[in-house]
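# Summary of the model geometry
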Amino acid sequence: GYKNYFYLEEDFFRIYQGQFPLTQNVTVVEGGTANLTCRVDQNDNTSLQWSNPAQQTLYFDDKKALRDNRIELVRASWHELSISVSDVSLSDEGQYTCSLFTMPVKTSKAFLTVLGVPEKPQISGFTSPVMEGERMQLTCKTSGSKPAADIRWFKNDKEIKDVKYLKEEDANRRTFTVSSTLDFRADRSDDGVVVSCRVDHESLNSTPQIARQVLEIHYTPSVKIISSSSWPEEGQSIVLTCESKGKPLPEPVLWTKDGGELPDPERMVVNGRDLRISFLNKTDNGTYRCEATNPIGQNSTEYVLIVHDPNALAGQTGPDHALIGGIVAVVVFVTLCSIILLGRYLARHKGTYLTNEAKGAEDAPDADTAIINAEGSQVNAEEKKEYFI
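Quick caveat: nothing in here was measured; it's all calculated off a predicted structure. (Residues numbered from 1 in each chain as written. Predicted model: local features only at pLDDT ≥ 70, side-chain atom pairs only at ≥ 80, totals over all residues. Heavy atoms only, no water.)

## Some points on the state of the cysteines
Tallied over the full model, the rule gives three disulfides. Shown here is the disulfide that connects Cys242 with Cys290, its sulfur atoms set 1.8 Å apart. The sign of the -70° torsion about the S-S bond sets the Cys242-Cys290 disulfide as left-handed. Highlighted residues: Cys242 in strand β20 (residues 238-247) and Cys290 in strand β24 (residues 286-294), separated in sequence by 48 residues. When sorted by exposure, Cys242 lands in the same class as Cys290, which is buried. Ordinal numbering of bonded cysteines along the protein defines a disulfide pattern of 1-2, 3-4, 5-6. (Disulfide = S-S within 2.5 Å. Helix = DSSP H or I, 4+ residues; strand = E, 2+ residues; numbered from the N terminus. Buried < 20%, exposed > 50% of the residue type's maximum accessible area, 1.4 Å probe, protein only.)

## Thoughts on the environment of Gly246
By the secondary structure assignment, Gly246 is in strand β20. Classification of Gly246 as buried rests on a relative accessible area of 11%. Sequence separation between Gly246 and Thr220 is 26 residues, and the spatial gap between their C-alpha atoms is 5.5 Å.

## What to know about the pattern of salt bridges
This model, assessed by the stated rule, comprises 21 salt bridges. Lys161 serves as the salt-bridge partner of Glu159, at 3.6 Å between the closest nitrogen and oxygen. Given the relative accessible area of 26%, Glu159 is considered partly exposed. Judged by relative accessible area, which is 58%, Lys161 ranks as exposed. Here Arg267 makes a salt bridge to Asp264, at a shortest N to O gap of 2.8 Å. (Salt bridge = Lys/Arg side-chain N within 4 Å of Asp/Glu carboxyl O.)

## Some thoughts on the sheet that holds strand β11 (residues 130-131)
If you walk across this open sheet you meet the five strands as β11-β19-β20-β23-β22, and the pairing is mixed. Bordering the open sheet on either side are β11 and β22 (268-271), each of which pairs with just one other strand. Bridge count for β11 against strand β19 (residues 217-227) is two bridges, and the pairing is parallel. Within β19, the position partnered with Val130 by the bridge is Ile217. (Pairing = 2+ DSSP bridges.)

## Structural notes on the environment of Asn271
Structurally, Asn271 is set in strand β22. The exposure class assigned to Asn271 is exposed, which follows from its relative accessible area of 60%. Sequence-wise, Asn271 and Pro252 are 19 residues apart; in three dimensions their C-alpha atoms are separated by 9.7 Å.

## Some remarks on the confidence of the model for the protein
Regions with low pLDDT carry predicted coordinates that are not meant to be interpreted in detail. Overall, the prediction assigns the protein a mean pLDDT of 85, with 80% of residues at 70 or greater. Per-residue pLDDT stays below 50 along residues 1-16; that stretch engages in one contact with residues further than four places along the chain or on separate chains. Note that residues 351-361 has pLDDT below 50 and, in this model, 14 contacts with residues that lie over four places away or in other chains. (pLDDT = per-residue confidence, 0-100. Contact = heavy atoms within 4.5 Å.)

## Notes on the nonpolar core
Counting residues in each nonpolar core, the largest one holds 22 residues, and the members touching the most others are Leu48, Trp50, Ile83 and Leu112. Elements with a minimum of two residues in this core: β1 (26-29), β2 (34-39), β3 (48-51), β4 (57-60), β7 (80-85), β8 (94-100) and β9 (106-115). Excluding its chain neighbours within four sequence positions, the residues that come into contact with Leu112 are Val26, Val28, Ala34, Asp92, Glu93, Gly94 and Tyr96. Within the second largest apolar cluster, 21 residues are counted, among which are Ala186, Val195, Ala211 and Ile217. (Core = buried A, V, L, I, M, F, W, Y, C linked by side-chain atoms within 4.5 Å.)

## Let's talk about the sheet that holds strand β17 (residues 194-200)
Here four strands make up an open sheet; going across it, the order is β14-β13-β17-β18 and the pairing antiparallel. The sheet is open, and its two borders are formed by β14 (158-160) and β18 (209-214), each paired with just one other strand. Going from strand to strand, the sheet's axes swing by 30° on average, the running direction of each strand aside. Sheet topology places strand β13 (residues 150-155) next to β17; six bridges connect them, and they run antiparallel. Note on β17: the bridge partner recorded for Ile151 is Val199. (Axes fitted to C-alpha atoms, helices over the stretch in contact; angles between N-to-C directions.)

## Points about the side chain of Thr23
For Thr23, the location among the structural elements is in the loop between α1 (2-18) and β1. Of note is the side chain of Thr23, whose polar atom sits 2.7 Å from the side chain of Ser108. Among the polar contacts made by the side chain of Thr23, one reaches the main-chain carbonyl oxygen of Lys109 at a distance of 2.9 Å. Contact partners of Thr23, with chain neighbours within four places excluded, come to Thr37, Cys38, Trp50, Cys98, Ser108, Lys109 and Ala110. (Polar contact = N/O pair within 3.5 Å; in protein donor to acceptor, adjacent residues only side chain to side chain.)

Have a look at this one:
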């Protein structure tokens, strides 16, 4: 008896649990279609019903209760009641109820979330052109997002961080207007750069909305002179090219020499940015100046031209006769000095011998005795020597 009672209680519990309606929350993009499904595993011919957040009955089994052409029946049976809501609007969001009419009535809730799609973003605040150094404030704005959309800035696909972000609730109190401001000073490197504002939102299915703006920056010229020769020589030609960059492009450029006009227009010909000087000579030496001007300002640079003598260059590469002559003179001088010193030395020693010979002869009867006497007295008579030069 207890065993049968246990089985009956288990069957009742399973039936009781099986007769509980099951639903799921639904998220849909505004304008899309929402499918609401209510299932019951075990049902003994008990009716199912869907009602909206205002507690209005939408369908009772397979019978439509609310006159709304957007709401249609998908499937109706003892185990399932599925309906669809097309062209969903933000006002459709809320809690929908599936009811199983047992005693007591069992219900299950399904929350319908409607995503507000952000409008295509717009970039404002750009006036063309912008002068270098001016402060730029670009604002990107998009409305209608729910929840609030995310805005990111890029310069040529490189993201810019640390930008201002503002979120405001729209008048319908359901969606948001989001704006972001990019604040920076214009630089010549920004000219031609593509600034883009990217809006990311879960309703966009990983395909962001992007607004783009190409920057146009005007700036003063930069100038550089390039020479066609690193060692210009007399009789040759040289071309000096004035490379100038600026916006608007400076055209033409102005060439001067030593602060004045080019002195020889026949040999010094300006063609566009090039200055060509033919048949170079020493009179062409000097400082050449290139000046570039556009509506923003002017800039200039200088090139010092030194024309070299090809003959002097050849002399430097051959033997240096002056150097050789100097070496010979030194050798002759050293030789003469050596001869003079040697003569003085010989003369000095000859005088000493004669003096000693004379002294020895005073006390000796002949020459041999005089020489012997001189050698014996030479050690003690060092201070008495006389030198004849």
